[in-house]
Amino acid sequence: MVHSLERTKQNKLLTGLVAHDNITRLELLYEVNKKAENSATRLQDMLEQVITMSREVVNAEAALVLLFQDYGNELYYEMTNSPVGRTLRQEKMNGQYGIAGQVVHTNQPLIVHDVSRNSNFHQAIDEAIGFVTKSLVCAPLNVKHKTIGVIEILNKRDGSVFDEQDLKAVASIANTAAMAIENTQTQQSLLEAYRSTIMAMAATIDAKDRLTQGHSERVMEYSLKAGSALSISNEEAQVLEYASALHDVGKIVIDAGILGKPGPLTPGEWEIMHTHPSVGAKLLKEIPCMERAAELVLRHHERYDGTGYPDRLRGEAIPLGARIIAAAEAFDTMTTDRPYRSALSIDAAVKELNKCAGKQFCPIAVEGLLAGLHLDKSKK
Ligand SMILES: [Fe+2]
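The structure contained in this document is the topic of the report that follows. Every chain's residues receive numbers from 1 upward, in the order its sequence appears when written. Under the rules for a predicted model, residues below a pLDDT of 70 receive no local features and side-chain atom pairs below 80 are neither given nor counted, while totals for whole chains, interfaces and linings still include all residues.

A short note on the nonpolar core
With 42 residues, the main nonpolar core has Leu246, Ala293, Val297, Ala327, Phe361 and Leu369 as its most contacted residues. Helix numbering and strand numbering both begin at the N terminus, where a helix is a DSSP run of H or I of at least 4 residues and a strand a DSSP run of E of at least 2. Contributing elements (two or more residues each) for this core: α6 (164-208), α7 (215-229), α8 (234-245), α11 (276-285), α12 (291-299), α13 (320-334), α14 (346-356) and α15 (363-372). Looking at this core, the element that brings in the most residues is α13, giving eight residues. A pair of residues counts as a contact when their C-beta atoms, built from backbone coordinates, are separated by no more than 7 Å. Beyond its immediate chain neighbours, meaning those up to four positions away, Ala327 contacts Ala226, Leu353, Phe361, Ala365, Val366 and Leu369. In terms of nonpolar packing, the next biggest core, distinct from the first, is built from 38 residues, Leu47, Val137, Ile148 and Val170 among them. A set of buried residues drawn from Ala, Val, Leu, Ile, Met, Phe, Trp, Tyr and Cys, joined through C-beta atoms within 7 Å, is what defines a nonpolar core. With C-beta atoms placed from the backbone, a residue is buried if 20 or more other C-beta atoms are within 10 Å of its own, exposed if 12 or fewer are, and partly exposed between those counts.

Some remarks on α8
One less than the residue count of a helix, multiplied by 1.5 Å, gives the span that helix is expected to have. Taking 1.5 Å of rise per residue, 12 residues should cover 16 Å, and α8 covers 16 Å from first to last C-alpha, within 8% of that figure. Those residues of α8 not exposed but buried are Gln238, Val239, Leu240, Glu241, Tyr242, Ala243, Ser244 and Ala245. In this structure, the buried residues of α8 make contact with α6, α7, α12 and α13.

Observations concerning the pairing of strand β1 (residues 60-68)
In summary, the side chains of a regular strand alternate between the two faces of the sheet. Buried residues dominate β1, accounting for seven of its nine residues. Strands are treated as partners if at least two bridges between them are detected by DSSP. Looking at chain direction, β1 and strand β6 (residues 146-156) are connected through seven bridges and run antiparallel. Within β6, the residue paired with Ala60 across the bridge is Lys156.

Dropping the structure here:
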């Protein structure tokens, strides 16, 4: 990864060597690559970037990406932007026909100077969305030996025609974009697989502890709502999602007799219970992509005032995600029935959270939780 300062220096050096539009192209390609490297990038964000980049680089009115879905023959308009608009999201076309089909078939980029003279051009889409395509550049999106779709760039903004330079630019963007799209799609399916495994693990933890049915899932829901109210980044939200769902994963190794004990625990039993954050973190560290979630799991019983475990961390030395999970977990524990006491009312739980904010709980985390759950934070 090139640091932004180095990148600026590189660009300054390059300015003397290449034309300005090439610099812009490099910058935009860099942005696309950067997004592709970020596992939290959603496919739609990636496509948005590709389309904006393509449009700007060749000064076009509109751009769109069509992708084959599930290895079928139909091309889906995955993303478009102005003035074509997003109405096309629902449209699909047979990948063997049209100019896109021609480009897929020949596997060569193509300029069409006047679409009205091209028998492969489908007027129907233009008519459906009220856009008039005059000329276009279309390039295949190839990954290894597979065509995953095409990119189409429509109409020069200045009314001129696309030239060979534009064709080369679009073809080079298509090469980078294809890899970036493929990476993002792969990342996305991996993340989906992770997510379902994690939810299955969370359900297993709750099933083992009959006193806390559904606890992990609720803590995850509350934590994510708090995170969203605090405007955490997508990447942080993903870490928080995994960590909150699995915060008690370490309980897997704790005897069910201790977990489900209806009465108070003995000091020895508490000592065993207190190992679950460290055990959970150790388990998660073995799984790729879980290092940061492991840190939150390790810290979810630390307390803001430094009286928690395992390391008596204090204040902001505790990661924000762990402070959020601590508040979310306490809220769920207070508002669900336990064998030795009935659930508190929501108002009473809010009062208790407010009372302990700045002591047991981080005030920011409590504020985020109450805002995320749309609860009246004035209850003192
Ligand atoms: Fe816990």
